[in-house]
Amino acid sequence: MPQVIFLPHERFCPDGLVVEAEPGISILELAHEHHIEMESACGGVCACTTCHCIVREGFDSLNEADELEEDYLDKAWGLEAQSRLACQAIVGEEDITVEIPKYSLNHAAEAPH
């Protein structure tokens, strides 16, 4: 079973975390199962960029991004070549290392209430 390494993030996972993952689960589902409360303003249906993550190792073992995901990624803060939406990135057979960016564009959370 592959391991997923979540690098430290001061808000969501201060100490980092290493977990085993069943192939076929999304990075977002895995994070939430292990109490890493990554943002997912759209509920994980590929309709925003709040679950943007960067796959530092094992990127090629994930499923390929489709056109809709790539369109959303173009709007993500801190976009890199190994960026994915965690709700769409499906764990394969290899270990991966995930970095949650320091910022996300969550217009709902940023709007004055």
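Conventions we followed
Numbering of residues begins from 1 in every chain and follows the order in which that chain's sequence is written. This being a predicted model, a pLDDT of at least 70 is required before a residue's local features are given, and a value of 80 or more before pairs of side-chain atoms are given or counted; all residues contribute to the totals for chains, interfaces and linings. Hydrogens and waters are ignored; side-chain quantities use all the structure's heavy atoms. UniProt positions are given in the numbering used here, feature names are shortened, and annotations may be inferred rather than shown by experiment. Grouping buried Ala, Val, Leu, Ile, Met, Phe, Trp, Tyr and Cys residues that are joined through side-chain atoms within 4.5 Å yields what is termed a nonpolar core. Here the term buried applies to any residue with accessible area under 20% of the maximum for its type, exposed to any over 50%, and partly exposed to those in between, with areas from a 1.4 Å probe on protein chains only. In this text, helices come from DSSP runs of H or I with a minimum length of four residues, and strands from runs of E with a minimum of two, each type numbered from the N-terminal end. Contacts are residue-level and defined by heavy atoms, with any inter-residue pair within 4.5 Å sufficient. What makes two strands pair is DSSP finding at least two bridges between them. In this analysis an axis means a line fitted to C-alpha atoms, helices contributing only their contacting stretch, and an angle means the value between N-to-C directions, from 0 to 180 degrees.

In the nomenclature of an unreviewed UniProt entry, the protein corresponds to 2Fe-2S ferredoxin from the organism Ectopseudomonas alcaliphila. In UniProt, the protein has this text filed under Sequence similarities (unreviewed entry): "Belongs to the adrenodoxin/putidaredoxin family." The UniProt entry for the protein carries the following text under Cofactor (unreviewed entry): "[2Fe-2S] cluster".

Colleague: Whenever I open this one, the nonpolar core confuses me. Can you help?
Modeller: Note that soluble globular proteins tend to have their nonpolar side chains buried in a common cluster. Within the largest apolar cluster, 28 residues are counted, with the highest numbers of intra-cluster contacts made by Val 4, Phe 6, Ile 27, Ile 36, Met 38 and Ile 96. Of all elements in the fold, only β1 (3-6), α1 (27-33), β3 (52-57), α2 (67-73) and β5 (96-99) reach the threshold of two or more residues within this core. No other element matches α1, which puts 4 residues into this core. Dropping the residues within four chain positions of it, Met 38 is found in contact with Phe 12, Leu 28, Ala 31, His 32, Cys 51, His 52, Cys 53, Ala 86 and Ile 100.

Colleague: Would you explain the sheet that holds β1 in this entry?
Modeller: As a general point, the strands of a sheet are linked pairwise by backbone hydrogen bonds and lie either parallel or antiparallel. Reading across from one edge, β2-β1-β5-β3-β4 is the order of the 5 strands in this open sheet, with mixed pairing throughout. Edge positions in the sheet fall to β2 (17-20) and β4 (83-85), since each has one partner strand and no second. Across the sheet, the axes of successive neighbouring strands diverge by a mean angle of 35°, strand direction being ignored. Looking at chain direction, β1 and β5 are connected through 3 bridges and run parallel. Within β5, the residue paired with Ile 5 across the bridge is Thr 97.

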